[in-house]
Amino acid sequence: MKRRIFLKNSLIATSVISIGTLTFINTCSDSQNPNNRPLLHDFLPEDDITGIINEYLIQNKKFDKLNVKSENEISIMIKSDFIEGNTTICNGWVLSQTELKYLIQKNIS
Amino acid sequence: MHQTLNSDDIEKVIESDICIIGAGAAGISMAMELDKLGRSVLLLESGNFEFEQKTQALNKGYSIGQAYYPLQSSRLRFFGGTTGHWTGQCAPLDDIDFEERDWVKNSGWPIKKSDLDPYYIKAHEICELQEYEYSSEYWEAKLEKKAIEFDESLVRTKMWQKSAPTRFGTKYRNNIIDSKNIRLITDANLTKINLTEYGNQVDYLKLSTLKNKTHTVKAKAFVMACGALQNVRHLLNSNNIINKGVGNENDLVGRFFMEHPHVDSADMVLLANTNMNLYYDGSLNSNAFGMFSTSESIQRVLKLQNYSARIESKDSKNLAIDQDSEDVTKKLKQWENLDGRTKKMNTLRKVIGDGSTDWIIDKFVIEEKQRLRQEDDKLETSHHILNTRSEQSPNPDSRVDLADTKDALGIPHTRLNWQLTESDKSSILNSNLILGKELGRLGIGRLKINDWLLDEKIEWPKFLGGGWHHMGITRMHEDPKKGVVDKNCKVHSINNLFISSSSVFTTSGVANPTLTIVALSLRLADYLNKHVARIPKV
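Here's what I pulled together on the structure shown here. Treat the numbers as computed from the prediction; the structure is a model and nothing was measured.

Quick word on the packing of helix 5 (residues 113-126) of chain B against helix 18 (residues 514-531) of chain B
Residue and element names in this part refer to chain B.
Reasoning step 1: It is at 8 Å that the axes of helix 5 and helix 18 come closest, and there the two elements cross at 110 degrees. Regarding the angle of helix 5 to helix 18, the classification is roughly perpendicular. In the packing of helix 5 onto helix 18, the handedness of the crossing is right-handed. In contact with Asp115, Leu116, Tyr119, Tyr120, Lys122, Ala123, His124 and Ile126 of helix 5, helix 18 contributes Leu515, Thr516, Val518, Ala519, Leu520, Leu522, Arg523 and Asp526.
Reasoning step 2: Class assignment for the residues of the contact of helix 5 with helix 18 results in 10 nonpolar, 2 polar and 4 charged.

Remarks on the interface of chain A and chain B
Reasoning step 1: Listed per partner, the contact involves 22 residues of chain A and 20 residues of chain B.
Reasoning step 2: Taken together, both faces of the contact between chain A and chain B bury some 1900 Å²; the carbon and sulfur share is 65%.
Reasoning step 3: Sorting the residues of chain A by area buried against chain B places Phe43, Trp93 and Val94 of chain A first, and these three jointly supply 33% of that buried surface.
Reasoning step 4: Summed over the shared surface of chain A and chain B, the number is 2 salt bridges.
Reasoning step 5: Glu99 of chain A serves as the salt-bridge partner of Arg446 of chain B, at 2.6 Å between the closest nitrogen and oxygen.
Reasoning step 6: Where chain A touches chain B, the interface holds 9 residue pairs in polar contact (both at pLDDT 80 or more).
Reasoning step 7: Contributing elements (two or more residues each) for the side of chain A that touches chain B: helix 2 (40-43), helix 3 (46-59), helix 4 (71-84), strand 1 (87-90) and strand 2 (93-96) of chain A.
Reasoning step 8: Partitioned by chemical class, the residues of the side of chain A that touches chain B number 13 nonpolar, 4 polar and 5 charged.

A closer look at the pattern of salt bridges
All names here are of chain B.
Reasoning step 1: Under the defined criterion, the tally for this structure stands at 23 salt bridges over all chains.
Reasoning step 2: Measuring nitrogen to oxygen at the nearest pair gives 3.2 Å for the salt bridge that ties Glu128 to Lys171. With a gap of 43 residues between them, Glu128 in the loop between helix 5 and helix 6 (136-143) and Lys171 in helix 7 (residues 168-171) connect regions that are remote in the sequence.
Reasoning step 3: Since its relative accessible area comes to 41%, Lys171 is described here as partly exposed.
Reasoning step 4: Among the charged side chains, a salt-bridge network with shared partners connects Glu33, Lys36 and Lys122.

Reading the values: rules and limits
- Sequence order as written defines the numbering, with residues in each chain counted from 1.
- All chains are assigned letters beginning at A, and all ligands numbers beginning at 1, according to the order in which they are written.
- Owing to the predicted nature of the model, reporting of local features is limited to residues with pLDDT of at least 70; listing and counting of side-chain atom pairs is limited to 80 or more, with chain, interface and lining totals taken over all residues.
- Heavy atoms throughout the structure, all of them, feed into the side-chain values; hydrogens and water do not.
- Each axis is a line fitted through C-alpha atoms, and for a helix only the stretch in contact is used; angles between axes span 0 to 180 degrees, taken between their N-to-C directions.
- Only runs of H or I of at least four residues qualify as helices and only runs of E of at least two qualify as strands under DSSP, and these elements are numbered from the N terminus.
- Reported orientations rely on four angle classes, namely roughly parallel under 35 degrees, roughly antiparallel over 145, roughly perpendicular from 65 to 115, and oblique for the rest.
- Helix crossings are classified by the rotation of the near helix relative to the far one: an anticlockwise turn of less than a right angle makes the crossing left-handed, while a clockwise turn makes it right-handed.
- Contacts are residue-level and defined by heavy atoms, with any inter-residue pair within 4.5 Å sufficient.
- In this classification, the charged set is Asp, Glu, Lys and Arg, the nonpolar set is Ala, Val, Leu, Ile, Met, Phe, Trp, Tyr, Cys and Pro, and all remaining amino acids, among them Gly, are polar.
- Joining two parts hides part of their accessible area as seen by a 1.4 Å probe, and the buried area is that hidden amount summed over both.
- Each reported salt bridge corresponds to a side-chain nitrogen of Lys or Arg within 4 Å of a carboxyl oxygen of Asp or Glu.
- We call two N or O atoms a polar contact when they sit within 3.5 Å, provided that within protein one can donate a hydrogen and the other can accept it, with sequence-adjacent residues counted only if both atoms are side-chain atoms.
- When accessible area is computed with a 1.4 Å probe and restricted to protein chains, residues below 20% of their type maximum are described as buried, those above 50% as exposed, and intermediate ones as partly exposed.

Written as structure tokens, this is what we have:
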């Protein structure tokens with residue numbers, strides 16, 4: 001009897017810990033970027049974001065969507081853009097090409 | 001020993017070995033150094049120990065090019081000179097500033113940074129600075145502050161040190177007056193440099209008081225340390241033998257005027273957890289502080305001029321305007337009703353500076369303003385203005401000459417035509433781009449470049465700030481067709497005339513000039529000590 005209760009309690013405890021751990025990992029993956037790199041929409045004031053979007057739409061008739069799965073991936077690409085000089089100026093802001101496209105995509109989709 | 005030229009006790013013809021004209025940072029430093037070396041010195045100063053409006057008015061001049069500060073107030077004309085109002089920010093020039101760079105026309109000093117290093121060390125003592133160390137690593141350890149981890153092949157943290165600031169007129173007054181080797185004569189205005197008939201040697205100087213009492217000075221060697229603008233003014237005005245002016249056979253005196261354009265060139269948003277405590281914060285309370293600068297390697301690769309930039313809080317700068325807004329006023333009233341905050345509201349205080357009114361706000365209010373501006377679900381950030389202080393390229397069309405009007409002593413006023421070039425602007429833009437990319441790479445913020453910098457149709461903002469740094473107008477070069485003085489600061493065509501001033505700078509760098517002025521003056525003192533005996537007698 002005691003052994004049955006122990007096994008049952010252990011199973012429950014393991015499930016709870018696993019769920020908690022998985023949730024934590026998923027949380028890290030989905031909403032935290034490597035090296036805690038926030039994206040533009042995380043910190044730039046809305047007025048500035050609006051200014052960037054408006055300027056982009058005036059200058060560009062076409063918009064190619066980014067084919068990415070997560071903000072994690074976006075963040076890695078942004079860092080790479082800045083390292084490789086794949087940058088642009090939009091409404092005066094010095095931005096990564098990827099982060100600009102993602103900002104537009106996020107706001108007009 | 002001190003006398004005033006107003007006194008009746010002074011001989012009509014004053015004689016000396018070495019005569020220094022001007023008792024500012026350069027003149028006082030040289031006089032003290034020559035005193036230590038056992039040389040006798042005559043030190044002449046236009047003003048006296050206290051500021052006097054009538055003497056200061058002799059500095060009046062005009063500006064006809066890029067809008068500039070009133071020339072009358074940009075230099076002080078009394079014992080101690082412009083150290084009477086400098087802020088004390090000090091840094092040596094960089095190695096690259098001395099090099100001949102093919103992308104900076106007319107660059108290339110005839111000396112290297114290493115030639116000045118021993119004198120920079122001595123200059124540190126005179127300017128009451130700490131050890132001659134300018135690496136960010138050194139100051140990070142000493143101040144226990146952190147620099148931003150820039151890619152140093154692109155952006156570096158350039159360090160400045162902060163002098164008290166040393167007011168040379170106060171600090172060194174007794175050193176000068178009590179010295180047996182130094183004869184200080186105040187109220188002594190230079191009115192003419194008279195050359196011998198062959199035009200290759202100074203025969204004598206003409207001096208005058210404001211009451212037109214005149215005297216003559218004869219010496220083995222003469223050093224002009226009046227400040228850049230006044231040096232040029234006297235050289236050009238003394239044209240009775242060489243009609244273009246003393247040392248001006250090749251039309252170089254007054255040309256290549258350089259300042260450090262101080263201009264708001266971008267806005268910067270930084271994540272609030274970015275550690276900025278090593279950097280300039282406006283208070284100048286730290287012994288040393290950093291500014292952003294581009295690396296020498298990227299300057300070479302992208303052919304950029306030297307560059308530095310500091311940030312100023314956008315919140316405090318714009319607060320006077322924001323306080324008029326209804327929204328902020330309403331919220332300020334709400335704060336007054338909150339417990340524990342009323343006392344903090346009472347710390348609002350008004351400071352008058354430079355004729356304008358700035359509101360200095362307790363840190364709490366800045367934080368509150370940021371909080372009010374802070375949008376829900378956004379990360380906390382701080383907003384700054386990026387103020388760049390960059391190298392101006394040597395431009396012969398940027399010049400100082402003489403106006404048609406004259407001062408109370410009959411000397412033509414100075415006329416400044418400050419001109420900047422396209423490369424000065426593009427250098428700031430490209431340097432800002434590098435900084436912006438680094439902020440992005442580090443994930444600590446973003447840079448928004450100001451419209452005027454991106455707009456090809458706009459040359460410069462209507463008013464550019466500067467440091468009141470006047471450089472280059474009697475530049476140093478071994479070729480008399482390219483410079484007014486040689487590597488020993490001797491005027492090329494004149495055996496016994498030397499210049500100790502930022503006017504001899506061949507390029508401007510980004511460092512405030514005072515430390516280099518003092519270093520050059522100490523180097524010249526060394527040179528005169530070794531060579532004055534060889535100067536041929538008149």
